[in-house]
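Survey of secondary and tertiary structure
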Amino acid sequence: MATPLPSLEAWGLLCLGAFFRVLVGKHRSREAGRQVRERLKKQVAEMKEKFPGFTPGLAILQVGNRDDSNLYINMKLKAAAEIGISANHIKLPNTATEAEVLKCITSLNGDPAIHGFIVQLPLDSDKPINTEKITNAVAPEKDVDGLSSVNAGKLSRGDLGDCFIPCTPKGCMELISQTGIQVAGKRAVVIGRSKIVGAPMHDLLLWNHATVTTCHSKTSTLAEEVGKADILVVAAGKAEMVKGEWIKPGAIVIDCGINHVPDSTKASGKRVVGDVAYNTAKEKASYITPVPGGVGPMTVAMLMQSTVESAQRFLEKFQPGKWNIQYNQLTLKMPVPSDIEISRSCIPKPIDQVAKEVGLLPDEMELYGQTKAKVQLSALKRLKNQPDGKYVVVTGITPTPLGEGKSTTTIGLVQALGAHLHQNVFACVRQPSQGPTFGIKGGAAGGGYSQVIPMEEFNLHLTGDIHAITAANNLVAAAVDTRIFHELTQNDQALYNRLVPSVNGVRKFSEIQIRRLQKLGINKTDPTALTKEEVNLFVRLDIDPATITWQRVLDTNDRFLRKITIGQSPTEKGFSRTAQFDITVSSEIMAVLALSDSLDDMKRRLGRMVVASSKRGEPVTTDDLGVTGALAVLMKDAIKPNLMQTLEGTPVFVHAGPFANIAHGNSSVLADKIALKLVGKEGFVVTEAGFGADIGMEKFFNIKCRYSGLRPNVVVLVATVRALKMHGGGPAVTAGVPLPKEYTEENLQLLAKGCSNLSKQIQNARMFGVPVVVAVNAFKTDTKAELALVVQLAKEAGAFDAVECTHWAEGGKGAVALAQAVQRASQTPSNFRFLYNVELPVIDKIRLIAQQIYGASDIELLPEAQEKVTLYTKQGFGNLPICMAKTHLSLSHDPEQKGAPTGFILPIRDIRASVGAGFLYPLVGTMSTMPGLPTRPCFYDIDLDPLSGEVNGLF
C-alpha cells in the first residue's frame, strides 16, 4: 500500500511550523500556513466562477521511473488536486530520445489548456539528452519552474513581474517574508551557485534590495562571510558544511540541502541532514528551516502559486472561448482592382500562427509551406467534449450566368463576424476543380475584398487532395477491367493460384479475401479447404461489362474523353469496351471524402462502393475487387481538412469539392465538425452549398446533415437584383458583351416578377424549419428602390431578415449588417426537420423532392429508371437518401424556364447509385460529367513570371 501523501494543509504547516521552531508562538505558524492554502484555493475558485469551464492546468513531464521523482510528482499532483488545479502527468519511458522529449514539449507548449509546465529533473533516460536544451524548450510563459534561459535572464535584470522564478528560491523568499523582517538593507549570503537555487536566489535577494554575497565550497573565507550574514541561504550540497558557530546571532537561516549521512541507529543505516549543522545553528539563529521538512514543502507550494499566476496571466490575455486573433486591415481602393491584385496586396499570416490563434496544437498541424496546412483528425478527438458553435449554410436563388456571389458572400460574412464583430468564426468551403479554373469559370476563392488567400494556392493543387482522388479512382477502374480480363483468360484454378499464391510453401488469405469469403457464406480460413464450387464463387466476380458504372477521371476539362474505347492493344486479346472519362470532382470517391466522419468511416465507405453488377444481378463492390485497403492508403492524407485564411485573417477550411448535381455539392463533414468545436458555443461556422437552394441546400439538409448528425441554425440565401431580373423574363446575356439595359437601368416590374424565384427558395429553406436571412448582394448598377423592393419582398415571403451587402467592394465591413442579422437569427429556435424518411420507397422520395422543392405536379420514370428502382431495391439500396441530378439553371428540368415554374412533369431518365457515399442519384434530363473548354478558356490569361515565380493572370 502506498504511503498517504500529506494534505495541502499538512505540508503548508509542516513547512512553516518547522521554520518557526524557535519562536513558534510569536509568529503563529498555523495561521500563516492556512493563509497560503486559502489564498491559492480562493484564487482558483474565483477564476472558475468568473470563467465557467476554465481550470488552471499543470503538466508534469517525466522521463523514466526514478523512485524519488515519483514521490515528488505525487506530492505535486496531490497539492494541485486540493487547490483545484487540473494536473496532467505525462510519463515517457527511459528509452525516450531527446527528439521524442522535445516533440512532447512542443505539443504541451501549444496546448491552451496547459498554463504551467515543468520537466521533472533529473531525466532518467538511457539515451543522451541535453538537459539545458530540454528546459529551454519549455515555453517561457509556461515555465513555472523558472528554469529556462529567458526567465533566468529576466530575473537577472530585475524583471520580476514578467518572469517565473524557480520555485525553491521563491519558497525561500516566502519563508523569509513570514518572519516579518525586511530584506531591504540586510546583508545576505548565498552559499551555492546552481542555476536552480544559488544563482536565482542571489538575484532575487538583490532585487529585493539586500546586499548579497555569493559563496561556494571554494570560498577561502567562508566562515568569515557567513558570520556577516543577516540572511543565510545554503544550497551547496555538502552535509553540515556550515557550522553553528559561524552563524551571526539572530540570523535567518534557510537550509536547502538534502544529504544522507551514515547513522547506525536508523533502520536504513542513514539519515537525512542539511547543509547546515542544525543542532548548533539553531542556538544562534533566530529562524531556521529544518531538514527534512523545511524548504521542500514550500517549493511545492510555490509551484502551485506560479501555476495559478500563469493561469491569471493567460486570462488577462486570452478570454476563454474567445480567440486572440490578429486581423488584417484592408486598404480599400476604388475602383475595385482585380481579384489577383487584391490577393497579392495582402500578406497572409503564417499558417501556423492562424492555427495557434484558433486553438490547434502544433502536433495537430502538417504544414504545406507558409500559407496552407492540413489538420490532423486527432484535433476532433481532443475537442470531442467541447460544445458546438452555430452552424450557418449559405445558399442562393436559382443561378444565372450573371452570378449571385455565394462564395464571395460566404467569405464576406465570416470576415464581418470575425474581424468586425470579433466572434469566433470559421468558413468551410469546397476545393475547386482545376477543370473550371482553366476552363470557363476561373477560380472559386470568392472575389473582390472577400477572398480566400493566396488565391492561386487555393485554385491550383492546394495540398493534392484532388490528385489523390484521381489516383484512387483510376486504380478502381484499372482493377475492374483487369479483373474482367483475367477471368476471361484463365480457368478457376489458375485464378485461385494467382489470387492466393503459395509463399514459401504456405498459402494464406488476406484480410480482405476473408471478408469476401464471409460475404459468400464460406466460413473457412484455410485456402486448401475450399471445394471446387467454393473456389469458383471466390475467384469469379463475373462482372457484366454492360453494367459497369465506374469511370476513369481526370481533373481537366476535356470534351474528347466523354466517350472512348478502351482495350485496343493486341495484348488485351480482343477485350475492349466503350467507356468514358469524368472530371475528378464527379468521382464517388470525392463524395465519400466529403461525407466521411473518420478514417474508419471513410474506409468502410470506400469498400462498399458499387462498380458494376455481376451477370447474376448482384452488386460488385470495391471490397470484392480487393482494393479497399489500397484506396484508404491513397486517401489517408486527403481526409485531413486544409487550413487557409481570408483577406482579413479569419480561418478557412478548404476540404472536398463534390459536384452539386450527381453528388451533394458540399464541403466535408469533418471540416465542419472540427470547426464547430474550435469556434466554441458562441462561435459560428459558415459553410456554402453548391448551386441554388433547390439543389445544394436541399442536399445539405437531406444528405449531409443526415449523415453528420449536425443541425443548422441559419440559412443565408444570396440574391442579386440583376439575377432576379433574369428570372423575371430579362433577356439572355453573352459573356464579353455589354449587359442589356434591363440589367443596368431601374426596372421594378421586371424585378418584382423575378422575385418569385426568391420567394420559392425562401419557402424551400423554411420547409426544413430553419430561419432564413436574405443577403442582397449589391452591384453599382442597382438602384435604392430596387434593393429596397428585394428586401421588402423577401420579408413578405417569410425571411427572418433581408440585408443589403457590399462585401465585394468593402470586405467584411460591407457585410456587418448581414452578420448582425445572422447573429439574431441564430438565437431563434431552429426546428430542423428532414423532408422525407429514408424508409419511404425510392419513387416516393423522388416525388416529394420534385413536388415540394421544385414545384412539379408529378414525376415520370422512363423505363431505364424504373428498372433501376427495381434493381436497387432488390439489392438493398432502396433506403438511401436521394441526390437529384438536374440542371441548376431552373427549378424545373428545363434550363430555359426561369422564375418559379409550376405544374410541370419532372422526367427521370435513369437512376444510379453511389452506395459508398450513401445516396441514389436520379438523372433528370441530360448532362455531362466531363465539361469541355470554351473557345477562349481562362488559361489564355494565366502565366508564370520566370523571375519571381509568381502566378499571373486572372483567376
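Before any of the text, the structure's been laid out above.
So, how was this worked out
- Residues numbered from 1 in each chain as written.
- Predicted model: local features only at pLDDT ≥ 70, side-chain atom pairs only at ≥ 80, totals over all residues.
- Heavy atoms only, no water.
- Axes fitted to C-alpha atoms, helices over the stretch in contact; angles between N-to-C directions.
- Helix = DSSP H or I, 4+ residues; strand = E, 2+ residues; numbered from the N terminus.
- Parallel < 35°, antiparallel > 145°, perpendicular 65-115°, else oblique.
- Left-handed = near helix turned anticlockwise from the far one by under 90°.
- Contact = heavy atoms within 4.5 Å.
- Nonpolar A, V, L, I, M, F, W, Y, C, P; charged D, E, K, R; others polar.
- Pairing = 2+ DSSP bridges.
- Expected span 1.5 Å × (residues − 1).
- Buried < 20%, exposed > 50% of the residue type's maximum accessible area, 1.4 Å probe, protein only.
- Salt bridge = Lys/Arg side-chain N within 4 Å of Asp/Glu carboxyl O.

1. Some remarks on the packing of helix α4 (residues 67-83) against helix α12 (residues 295-317)
At a minimum axis distance of 10 Å, the contact between α4 and α12 shows a crossing angle of 50°. Looking at the two axes, α4 sits oblique to α12. Note that α4 runs across α12; the crossing there is right-handed. Contacts between α4 and α12 involve M75, K76, A79, A80 and I83 from the former and V300, L303 and M304 from the latter. Of the residues that constitute the contact of α4 with α12, the class distribution is seven nonpolar, no polar and one charged.

2. Description of the sheet that holds strand β10 (residues 287-288)
In a beta sheet, neighbouring strands pair by backbone hydrogen bonds and run either parallel or antiparallel. An order of β5-β4-β6-β7-β10 is seen for the five strands of this open sheet, with the pairing classed as parallel. Strands at the two margins of the open sheet, each flanked by one partner only, are β5 (211-215) and β10. Across two bridges, the pairing between strand β7 (residues 252-255) and β10 is parallel. The partner of V253 across the bridge, within β10, is I288.

3. Some details on helix α32 (residues 784-796)
Its 13 residues give α32 an end-to-end C-alpha distance of 18 Å, which sits within 8% of 18 Å, the value for a rise of 1.5 Å per residue. Those residues of α32 that sit buried are E786, L787, L789, V790, V791, L793 and A794. Elements that come into contact with the buried residues of α32 comprise α29 (721-727), α31 (748-766), β29 (772-777) and β30 (801-805). Once α32 ends, the next one or two residues include G798, with phi positive near 115°.

4. Some points on the environment of I942
Summarising the element assignment, I942 is placed in the loop between β34 (919-923) and β35 (943-944). For I942, a relative accessible area of 19% translates into the label buried.

5. Describing the pattern of salt bridges
A complete count under the given rule lists 46 salt bridges for this structure. In this structure, D68 engages R66 in a salt bridge whose closest nitrogen and oxygen atoms are separated by 2.7 Å. D68 gets classed as partly exposed once you look at its relative accessible area, which sits at 30%. With its nearest N and O atoms 3.9 Å apart, the salt bridge here joins K406 to E688. Separated by 282 residues along the polypeptide, K406 in helix α16 (residues 406-420) and E688 in strand β27 (residues 684-688) bring together distant segments of the chain. Salt bridges linked by common partners bring E366, K636, D637 and K640 together as one network.

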